[in-house]
Amino acid sequence: MNIKDIITRAGAGIIYILVILLGLLGGRFSFLAVFGAILGSGLFEFYRMVEKDTSHAISKIFNILMGVIIFISVFLYLEGIYTYLLPVFILTYLLILIASAIFLRRHDILHGIIYSVFGQVYITMPLSLLMFISYSPDMAGSEYNWVPVLALFVFLWVNDTAAYFIGSLIGKHKLIEHISPKKSIEGFIAGILFTVLASLIFNRFHPDFSTAFWMGLAVVVALFGTLGDLFESLIKRTCNVKDAGNLIPGHGGILDRIDSLLVTVPAVYLYLILFHSL
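The next point concerns unusual backbone geometry. A positive phi angle is found at Tyr-82, which is not glycine, with a value near 50°. Inspection of the secondary structure puts Tyr-82 in the loop between helix 3 (60-78) and helix 4 (85-103). Unlike most non-glycine residues, Asn-240 shows phi in positive territory, near 60°. Mapped onto the fold, Asn-240 is located in the loop between helix 8 (211-238) and helix 9 (254-275).

Turning our eyes to something else, we now look at the confidence of the model for the protein. Confidence along the protein averages 86 in pLDDT terms, with 91% of residues attaining 70 or more. Strand 2 (residues 180-184) is the least confidently modelled element of the protein, averaging 80 in pLDDT, while helix 3 averages 94, the highest of any element.

Ranked by size, the top nonpolar core spans 76 residues in total, and within it Phe-35, Leu-127, Leu-130 and Phe-153 carry the most contacts. It is helix 2 (residues 28-54) that provides the largest number of residues to this core, a total of eleven residues. Apart from the residues within four sequence positions on either side, Phe-35 is in contact with Ile-20, Gly-23, Leu-24, Phe-71, Leu-127, Leu-130 and Phe-153.

With respect to the helices and strands, Leu-97 occurs in helix 4. Given a relative accessible area of 7%, Leu-97 falls into the buried group. Distance from Leu-97 to Ile-64, taken between C-alpha atoms, is 14 Å for residues 33 residues apart in sequence. With near-sequence residues (within four places) excluded, Leu-97 lies in contact with Phe-62, Ile-113, Ser-116 and Val-117.

For the structure on display, the rule yields four salt bridges. Taking the shortest distance from any N to any O, the salt bridge between Arg-28 and Glu-79 comes out at 2.9 Å. Remark: Glu-79 occurs in the loop between helix 3 and helix 4 and Arg-28 occurs in helix 2; sequence separation between them is 51 residues. Using a relative accessible area of 26% as the deciding quantity, one classes Glu-79 as partly exposed. In this structure, Lys-236 engages Glu-232 in a salt bridge whose closest nitrogen and oxygen atoms are separated by 3.6 Å. Of this pair, Lys-236 and Glu-232 are both found in helix 8, four residues apart, which corresponds to roughly one turn of the helix. Note on accessibility: Lys-236 and Glu-232 belong to one class, buried. Several salt bridges converge on common partners, so that one network encompasses Glu-232, Lys-236 and Asp-256.

Below, the discussion takes up the pairing of strand 2. Sheet topology note: the strand 1 (residues 174-176)/strand 2 ladder contains two bridges and is antiparallel. Counted as the bridge partner of Ile-176 is Ser-180 from strand 2. Hairpin connection, strand 1 to strand 2: the antiparallel pair is bridged by three residues.

A word on helix 8. Along its 28 residues, helix 8 runs 41 Å from first to last C-alpha, staying within 8% of the 40 Å computed at 1.5 Å per residue. Positive backbone phi, at 60°, marks Asn-240, one or two positions downstream of helix 8.

Reading the values: the criteria
- Residues numbered from 1 in each chain as written.
- Predicted model: local features only at pLDDT ≥ 70, side-chain atom pairs only at ≥ 80, totals over all residues.
- Heavy atoms only, no water.
- Helix = DSSP H or I, 4+ residues; strand = E, 2+ residues; numbered from the N terminus.
- pLDDT = per-residue confidence, 0-100.
- Core = buried A, V, L, I, M, F, W, Y, C linked by side-chain atoms within 4.5 Å.
- Buried < 20%, exposed > 50% of the residue type's maximum accessible area, 1.4 Å probe, protein only.
- Contact = heavy atoms within 4.5 Å.
- Salt bridge = Lys/Arg side-chain N within 4 Å of Asp/Glu carboxyl O.
- Pairing = 2+ DSSP bridges.
- Expected span 1.5 Å × (residues − 1).

Laid out in C-alpha coordinates, this is it:
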(Lines give C-alpha, C1' and ligand atoms only; values in the text may rest on other atoms or scores of the structure.)
Protein backbone atom coordinates (compact mmCIF):
# COMPACT_ATOMS: atom_id res chain seq x y z
CA MET A 1 0.00 0.00 0.00
CA ASN A 2 1.57 3.29 -1.11
CA ILE A 3 1.40 6.69 0.61
CA LYS A 4 -1.50 7.88 -1.55
CA ASP A 5 -3.57 4.82 -0.68
CA ILE A 6 -2.79 5.23 3.02
CA ILE A 7 -3.86 8.91 2.94
CA THR A 8 -7.04 8.02 1.04
CA ARG A 9 -7.89 5.24 3.47
CA ALA A 10 -7.16 7.40 6.52
CA GLY A 11 -9.18 10.34 5.17
CA ALA A 12 -12.17 8.15 4.35
CA GLY A 13 -11.93 6.52 7.79
CA ILE A 14 -11.95 9.91 9.51
CA ILE A 15 -14.99 11.01 7.53
CA TYR A 16 -16.77 7.77 8.43
CA ILE A 17 -16.03 8.29 12.13
CA LEU A 18 -17.28 11.90 11.95
CA VAL A 19 -20.52 10.74 10.33
CA ILE A 20 -21.04 8.16 13.08
CA LEU A 21 -20.34 10.76 15.77
CA LEU A 22 -22.78 13.14 14.10
CA GLY A 23 -25.42 10.43 14.14
CA LEU A 24 -24.83 9.70 17.82
CA LEU A 25 -24.20 13.15 19.29
CA GLY A 26 -26.73 15.00 17.14
CA GLY A 27 -29.71 13.50 18.95
CA ARG A 28 -32.31 10.88 18.22
CA PHE A 29 -33.39 12.33 14.86
CA SER A 30 -29.79 12.50 13.70
CA PHE A 31 -29.36 8.89 14.83
CA LEU A 32 -32.44 7.91 12.84
CA ALA A 33 -31.21 9.66 9.68
CA VAL A 34 -27.58 8.50 9.75
CA PHE A 35 -28.18 4.89 10.71
CA GLY A 36 -31.24 4.68 8.48
CA ALA A 37 -28.98 5.63 5.56
CA ILE A 38 -26.36 3.11 6.69
CA LEU A 39 -29.08 0.46 6.91
CA GLY A 40 -30.34 1.15 3.40
CA SER A 41 -26.82 1.10 1.95
CA GLY A 42 -25.92 -2.09 3.81
CA LEU A 43 -29.05 -3.90 2.61
CA PHE A 44 -28.37 -2.80 -0.96
CA GLU A 45 -24.81 -4.13 -0.86
CA PHE A 46 -25.87 -7.42 0.71
CA TYR A 47 -28.70 -8.16 -1.71
CA ARG A 48 -26.56 -7.11 -4.67
CA MET A 49 -23.83 -9.55 -3.61
CA VAL A 50 -26.27 -12.40 -3.10
CA GLU A 51 -28.22 -11.71 -6.29
CA LYS A 52 -25.05 -11.51 -8.37
CA ASP A 53 -23.69 -14.77 -7.03
CA THR A 54 -26.84 -16.89 -6.87
CA SER A 55 -29.18 -15.36 -9.48
CA HIS A 56 -32.10 -16.12 -7.14
CA ALA A 57 -35.31 -14.08 -7.16
CA ILE A 58 -34.64 -11.23 -4.75
CA SER A 59 -36.34 -7.83 -4.90
CA LYS A 60 -33.71 -5.38 -3.69
CA ILE A 61 -36.07 -2.40 -3.70
CA PHE A 62 -38.78 -4.20 -1.71
CA ASN A 63 -36.36 -5.57 0.89
CA ILE A 64 -34.51 -2.28 1.33
CA LEU A 65 -37.78 -0.36 1.64
CA MET A 66 -39.20 -2.77 4.20
CA GLY A 67 -35.95 -2.79 6.17
CA VAL A 68 -35.95 1.00 6.43
CA ILE A 69 -39.67 1.05 7.31
CA ILE A 70 -39.13 -1.49 10.09
CA PHE A 71 -36.20 0.60 11.36
CA ILE A 72 -38.37 3.73 11.45
CA SER A 73 -41.16 1.80 13.18
CA VAL A 74 -38.66 0.84 15.91
CA PHE A 75 -37.99 4.54 16.42
CA LEU A 76 -41.71 5.27 16.66
CA TYR A 77 -42.10 2.39 19.12
CA LEU A 78 -39.36 3.75 21.39
CA GLU A 79 -40.84 7.23 21.18
CA GLY A 80 -44.21 5.85 22.21
CA ILE A 81 -45.77 6.89 18.88
CA TYR A 82 -47.83 4.35 16.92
CA THR A 83 -46.29 1.48 18.85
CA TYR A 84 -48.43 -1.04 16.96
CA LEU A 85 -46.62 -0.28 13.68
CA LEU A 86 -43.55 -2.36 14.54
CA PRO A 87 -45.30 -5.75 14.70
CA VAL A 88 -47.61 -4.73 11.84
CA PHE A 89 -44.74 -4.04 9.43
CA ILE A 90 -42.77 -7.14 10.46
CA LEU A 91 -45.79 -9.38 9.93
CA THR A 92 -46.69 -7.62 6.67
CA TYR A 93 -43.18 -8.20 5.36
CA LEU A 94 -43.31 -11.91 6.20
CA LEU A 95 -46.80 -12.34 4.74
CA ILE A 96 -45.79 -10.69 1.47
CA LEU A 97 -42.80 -13.04 1.19
CA ILE A 98 -44.99 -16.07 1.85
CA ALA A 99 -47.59 -14.89 -0.69
CA SER A 100 -44.86 -14.35 -3.29
CA ALA A 101 -43.71 -17.94 -2.80
CA ILE A 102 -47.20 -19.16 -3.61
CA PHE A 103 -48.10 -16.94 -6.54
CA LEU A 104 -44.77 -16.36 -8.33
CA ARG A 105 -43.91 -19.17 -10.69
CA ARG A 106 -40.18 -19.44 -10.09
CA HIS A 107 -38.37 -22.58 -9.08
CA ASP A 108 -35.87 -20.60 -7.00
CA ILE A 109 -38.37 -18.39 -5.13
CA LEU A 110 -37.86 -20.20 -1.81
CA HIS A 111 -34.11 -19.56 -1.94
CA GLY A 112 -34.81 -15.90 -2.66
CA ILE A 113 -37.10 -15.66 0.37
CA ILE A 114 -34.48 -17.27 2.61
CA TYR A 115 -31.84 -14.79 1.47
CA SER A 116 -34.31 -11.92 1.84
CA VAL A 117 -35.13 -12.78 5.46
CA PHE A 118 -31.49 -13.42 6.30
CA GLY A 119 -30.57 -9.94 5.07
CA GLN A 120 -33.08 -8.42 7.49
CA VAL A 121 -31.87 -10.58 10.37
CA TYR A 122 -28.22 -9.86 9.56
CA ILE A 123 -28.52 -6.08 9.04
CA THR A 124 -31.90 -4.62 10.01
CA MET A 125 -32.22 -6.42 13.34
CA PRO A 126 -28.79 -5.40 14.74
CA LEU A 127 -29.21 -1.74 13.74
CA SER A 128 -32.70 -1.77 15.28
CA LEU A 129 -31.26 -3.25 18.49
CA LEU A 130 -28.63 -0.51 18.41
CA MET A 131 -31.47 1.99 18.59
CA PHE A 132 -32.91 0.12 21.57
CA ILE A 133 -29.52 0.38 23.29
CA SER A 134 -29.42 4.11 22.61
CA TYR A 135 -32.59 4.74 24.59
CA SER A 136 -31.20 5.26 28.10
CA PRO A 137 -28.45 3.20 29.73
CA ASP A 138 -30.93 0.95 31.50
CA MET A 139 -32.79 0.27 28.26
CA ALA A 140 -36.00 1.71 29.72
CA GLY A 141 -36.93 3.02 26.31
CA SER A 142 -37.85 6.44 27.61
CA GLU A 143 -34.90 8.69 26.83
CA TYR A 144 -32.25 8.85 24.12
CA ASN A 145 -28.73 8.41 25.48
CA TRP A 146 -25.69 8.17 23.20
CA VAL A 147 -23.18 7.06 25.87
CA PRO A 148 -23.59 3.25 25.65
CA VAL A 149 -23.59 3.32 21.85
CA LEU A 150 -20.53 5.58 21.74
CA ALA A 151 -18.75 3.15 24.06
CA LEU A 152 -19.63 0.30 21.72
CA PHE A 153 -18.19 2.12 18.70
CA VAL A 154 -15.06 3.28 20.54
CA PHE A 155 -14.36 -0.27 21.68
CA LEU A 156 -14.88 -1.59 18.16
CA TRP A 157 -12.53 1.00 16.68
CA VAL A 158 -9.85 0.34 19.31
CA ASN A 159 -10.12 -3.42 18.80
CA ASP A 160 -9.88 -3.14 15.00
CA THR A 161 -7.00 -0.68 15.11
CA ALA A 162 -4.95 -2.58 17.69
CA ALA A 163 -5.52 -5.93 15.98
CA TYR A 164 -4.51 -4.49 12.60
CA PHE A 165 -1.30 -2.74 13.69
CA ILE A 166 -0.06 -5.33 16.20
CA GLY A 167 -0.96 -8.13 13.82
CA SER A 168 0.93 -6.39 11.01
CA LEU A 169 4.00 -5.88 13.19
CA ILE A 170 4.37 -9.17 15.06
CA GLY A 171 1.58 -11.44 13.83
CA LYS A 172 2.96 -14.87 12.95
CA HIS A 173 0.17 -17.30 13.82
CA LYS A 174 -2.95 -17.23 11.66
CA LEU A 175 -6.29 -16.92 13.45
CA ILE A 176 -8.61 -18.58 10.89
CA GLU A 177 -6.59 -18.71 7.69
CA HIS A 178 -9.21 -20.22 5.38
CA ILE A 179 -11.56 -17.27 5.98
CA SER A 180 -9.25 -14.31 6.64
CA PRO A 181 -5.54 -15.01 5.97
CA LYS A 182 -4.41 -11.61 7.27
CA LYS A 183 -5.80 -11.99 10.80
CA SER A 184 -3.39 -13.29 13.40
CA ILE A 185 -3.73 -14.65 16.92
CA GLU A 186 -1.31 -11.96 18.13
CA GLY A 187 -3.49 -9.23 16.66
CA PHE A 188 -6.62 -10.84 18.12
CA ILE A 189 -5.12 -10.89 21.64
CA ALA A 190 -3.81 -7.33 21.28
CA GLY A 191 -7.27 -6.17 20.23
CA ILE A 192 -8.82 -7.59 23.39
CA LEU A 193 -6.12 -6.13 25.66
CA PHE A 194 -6.29 -2.64 24.17
CA THR A 195 -10.09 -2.67 24.20
CA VAL A 196 -10.10 -3.55 27.90
CA LEU A 197 -7.61 -0.71 28.47
CA ALA A 198 -9.94 1.64 26.59
CA SER A 199 -12.80 0.52 28.83
CA LEU A 200 -10.82 1.57 31.93
CA ILE A 201 -10.27 5.00 30.41
CA PHE A 202 -13.93 5.21 29.40
CA ASN A 203 -14.93 4.32 32.96
CA ARG A 204 -13.07 7.37 34.28
CA PHE A 205 -15.27 9.67 32.21
CA HIS A 206 -18.49 7.68 32.70
CA PRO A 207 -18.40 6.07 36.16
CA ASP A 208 -22.15 5.41 36.20
CA PHE A 209 -21.38 1.72 35.72
CA SER A 210 -18.81 -0.38 37.57
CA THR A 211 -15.32 -1.03 36.27
CA ALA A 212 -16.16 -4.73 35.98
CA PHE A 213 -19.18 -3.88 33.81
CA TRP A 214 -17.11 -1.78 31.39
CA MET A 215 -14.35 -4.42 31.21
CA GLY A 216 -16.90 -7.15 30.53
CA LEU A 217 -18.49 -5.02 27.81
CA ALA A 218 -15.07 -4.46 26.24
CA VAL A 219 -14.35 -8.20 26.09
CA VAL A 220 -17.77 -8.89 24.54
CA VAL A 221 -17.20 -6.20 21.91
CA ALA A 222 -13.69 -7.43 21.07
CA LEU A 223 -14.73 -11.08 20.78
CA PHE A 224 -17.91 -10.61 18.78
CA GLY A 225 -16.47 -7.75 16.75
CA THR A 226 -13.81 -10.13 15.47
CA LEU A 227 -16.47 -12.78 14.86
CA GLY A 228 -18.52 -10.27 12.86
CA ASP A 229 -15.51 -9.36 10.73
CA LEU A 230 -14.80 -13.02 10.02
CA PHE A 231 -18.45 -13.73 9.21
CA GLU A 232 -18.62 -10.97 6.61
CA SER A 233 -15.38 -12.28 5.12
CA LEU A 234 -17.07 -15.67 4.84
CA ILE A 235 -20.07 -14.09 3.07
CA LYS A 236 -17.79 -12.30 0.61
CA ARG A 237 -15.83 -15.48 -0.10
CA THR A 238 -19.09 -17.34 -0.65
CA CYS A 239 -20.26 -14.64 -3.08
CA ASN A 240 -16.81 -14.43 -4.74
CA VAL A 241 -16.29 -10.70 -4.13
CA LYS A 242 -13.36 -8.81 -2.60
CA ASP A 243 -15.43 -5.98 -1.09
CA ALA A 244 -19.13 -5.59 -0.42
CA GLY A 245 -19.08 -2.26 -2.30
CA ASN A 246 -16.96 0.76 -3.16
CA LEU A 247 -18.76 3.56 -1.35
CA ILE A 248 -15.86 4.30 1.04
CA PRO A 249 -12.48 4.74 -0.72
CA GLY A 250 -9.85 2.41 0.65
CA HIS A 251 -12.35 0.55 2.82
CA GLY A 252 -14.90 -0.95 0.42
CA GLY A 253 -18.59 -0.67 1.12
CA ILE A 254 -20.72 0.12 4.14
CA LEU A 255 -20.90 -3.57 5.06
CA ASP A 256 -17.09 -3.68 5.15
CA ARG A 257 -17.20 -0.96 7.81
CA ILE A 258 -20.09 -2.22 9.94
CA ASP A 259 -19.41 -5.96 9.70
CA SER A 260 -18.03 -6.04 13.25
CA LEU A 261 -20.96 -3.98 14.51
CA LEU A 262 -23.65 -6.28 13.11
CA VAL A 263 -22.67 -9.30 15.22
CA THR A 264 -21.52 -7.25 18.22
CA VAL A 265 -24.82 -5.43 18.78
CA PRO A 266 -26.94 -8.54 19.54
CA ALA A 267 -24.17 -9.80 21.85
CA VAL A 268 -24.01 -6.45 23.66
CA TYR A 269 -27.79 -6.33 23.94
CA LEU A 270 -27.76 -9.78 25.54
CA TYR A 271 -24.89 -8.74 27.83
CA LEU A 272 -26.89 -5.73 29.02
CA ILE A 273 -29.93 -7.90 29.67
CA LEU A 274 -27.94 -10.44 31.69
CA PHE A 275 -25.65 -8.14 33.66
CA HIS A 276 -27.38 -4.80 34.00
CA SER A 277 -30.86 -5.42 35.38
CA LEU A 278 -32.67 -4.24 32.26
